[in-house]
Amino acid sequence: MKPFKLYTLFSLLLIFSCDTDSSSDDEKPIDIQELKTTAAKTYISKNNDFAFNFFKKVSKNETEKNYMVSPLSASIALGMVSNGAAGTTKTAFEDVLGNGTSISDMNTYNKLLIAALTAKTQGTSFDLANSIWIQKGFPVKSDFLETNNVFYNNDVDNVDFASQGAVDNVNNWVSENTNGKIEKLVDEFSSGTMLFLANALYFKSNWKFQFKKDSTKAEDFYLSSDEKKSVFMMNMKQDVHYFVNDYFSSITLPYEEERFEMLVLLPHLGTKTTDIVEDLNNELLEDITEGGRIFNGLEIGLPRFKSDYKIELNDVLKSMGLEVAFSKGADFSKINNTEELEITKVLQKTFIEVNEEGTEAAAVTGVEVGTTSISPSFKANRPFLYIIREKDTGAICFIGHVGNPE
């Protein structure tokens, strides 16, 4: 039997900045209460377990000073792929993405989550698009396409992956749906590519409390105990949520309308970011967000930073329990039951820029499937972690590490 390849790519773009455009008034509102049921909250908690485990695996051997991943992009992307899995491959997706949650239930909750995230909010835009390209003449089961359309509302198109036209079509779609922030995603498709799936997400918002540019000044950032560099440090005095424990402190910086927020986790002197990463889980997140207090007039210093990052996620996902999906024993028979398919490569690219007005961040994830001590101030002048999440649902969009602001 001749093996074929399924090349799937998922793109996520989150943009935080000023000059937000208003969205259409005819969008159907989502009842946020649907995501506040016990079952929905349990799923989101499990999805956040995936987010933290994902980041821990990435961090374990990472030597880059600055890196960021998007668990939201990965979980939605893999959720789409999981609809083509059967047998032990299906079980692996359920265990890794939802800690035992069925793919059917994951589809339901992802649809609710997407609707909640993209619900119209004054001052914030959050748009999401999905698409599937199919090699002309390659049979794909209608149930696979229909299920993804119902829960992920994707477009479908037929192309010749051996042609330059297919490359151009995909790159144009990516650029259009990421507001031009990711202009080119693919140079060519692998031989034997039969499908290509893409997810794009766009978010735009300001900080609720913006840093004044005239308060930004050059200050030392300590790359390590014996190395420092001068960076532009943004400063303000503001009433914000503040949390502290034995080895780190954190602040919560809300974006406009307070639906989205950035948590900044700063290790105490003598402690490292790796100590925080080891303990990242839902319980710690709850301690941070539910504990602590509003600190009146906290002196805040946060460096401007800008970085991009690329990582191949094969080993990360295998170590999380998806090894079967990368093997010749993979079962993607719900896509096509006459050809052998397996994941051959998963890549993620990210970009983030933080300044006085807000945050701009982007991520793209590609999956190729084929054969076979406390002070009255918070000065982030040393390596720190950050989490960008949606407050109402608790969904984690980005997790990153800053070790060298640029």
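As a starting point, this report considers the structure included with it. Numbering of residues starts from 1 in every chain and runs along the sequence as written. Only residues with pLDDT of 70 or above have their local features reported here, since the model is predicted, and side-chain atom pairs are shown and tallied only from 80 upward, although totals for entire chains, interfaces and linings are computed over all residues. Side-chain figures throughout are based on the complete set of non-hydrogen atoms in the structure, without hydrogens or water.

### Quick notes on the overall build of the chain
No. 1: Helical segments are the DSSP runs of H or I of at least four residues, strand segments are the runs of E of at least two, and each set is numbered from the N terminus. Regarding its fold elements, the chain presents nine helices and 16 strands.
No. 2: The classification of residues rests on relative accessible area computed with a 1.4 Å probe and restricted to protein chains. Under 20% of the type maximum is buried, over 50% is exposed, and intermediate values are partly exposed. Looking at the chain as a whole, 55% of its 406 residues qualify as buried.
No. 3: Computed with a 1.4 Å probe, the accessible areas rest on the Shrake-Rupley method; for each residue, only the protein chains presented here act as cover. Roughly 17300 Å² of accessible area belongs to the chain as shown, and the carbon and sulfur atoms make up 43% of that amount.

### Describing unusual backbone geometry
No. 1: One non-glycine residue, Asn153, adopts positive backbone phi at about 50°.
No. 2: By secondary structure assignment, the location of Asn153 is in the loop between α5 (142–152) and β4 (154–159).
No. 3: A positive phi is found at Glu258, a non-glycine position, where the angle reads about 65°.
No. 4: Structurally, Glu258 can be placed in the loop between β8 (248–254) and β9 (260–267).

### Details of the nonpolar core
No. 1: To qualify as a nonpolar core, a set must consist of buried Ala, Val, Leu, Ile, Met, Phe, Trp, Tyr and Cys residues joined through side-chain atoms within 4.5 Å. Among the nonpolar cores identified, the biggest contains 110 residues, and Phe93, Leu195, Leu253, Phe332 and Phe384 are the most heavily contacted of them.
No. 2: For this core, the leading source of residues is helix α1 (residues 38–60), giving nine residues.
No. 3: Note on definitions: a residue-residue contact is assigned when non-hydrogen atoms from the two residues lie within 4.5 Å. Contacts of Phe93, omitting those with residues within four sequence positions, involve Leu78, Val81, Ser82, Ala85, Gly98, Ile103, Met106, Leu322, Ala325, Phe332 and Ile343.
No. 4: Formed by 17 residues, the second largest nonpolar core is a distinct cluster that contains Ala129, Val159, Phe161 and Ile182.

### Let's talk about the pairing of strand β16 (residues 396–402)
No. 1: Most of β16 sits out of view: seven of its seven residues are buried.
No. 2: Think of it this way: DSSP has to see at least two bridges between two strands before they count as a pair. Note: strand β2 (residues 67–69) against β16, three bridges, orientation antiparallel. Along β16, the bridge assignment pairs Val69 with Ile399.
No. 3: Relative to β16, strand β15 (residues 384–390) runs antiparallel, the two sharing six bridges. Among the inter-strand pairings, Ile387 is bridged to a residue of β16, identified as Ile399.

### A short note on the environment of Tyr309
No. 1: Residue placement: Tyr309 occurs in strand β11 (residues 305–312).
No. 2: Sequence-wise, Tyr309 and Ala363 are 54 residues apart; in three dimensions their C-alpha atoms are separated by 8.9 Å.
No. 3: Not counting the four nearest positions on each side in its chain, Tyr309 is found in contact with Val58, Glu62, Glu64, Asn66, Tyr67, Met68, Val69, Gln348, Lys349 and Thr350.

### A look at the sheet that holds strand β5 (residues 195–204)
No. 1: What the three strands build is an open sheet, ordered β4-β3-β5; its pairing is mixed. Single-partner strands in this sheet number two, and they are β4 and β5. For this sheet, the mean inter-axis angle between neighbouring strands, taken without regard to orientation, is 20°.
No. 2: Where strand β3 (residues 125–135) and β4 come together, six bridges link them in parallel fashion. Note on definitions: angles span 0 to 180 degrees between N-to-C directions of axes, and those axes are lines fitted to C-alpha atoms, for helices only across the stretch in contact.

### Some points on the packing of helix α2 (residues 71–82) against α5
No. 1: Closest axis-to-axis distance for the α2/α5 pair is 9 Å, and the angle between their directions is 150°. Contacts from Ile76, Gly79, Met80 and Val81 of α2 reach α5 at Phe144, Asn148 and Tyr152.

Everything listed here is a matter of geometry and, on its own, says nothing about what the molecule does.
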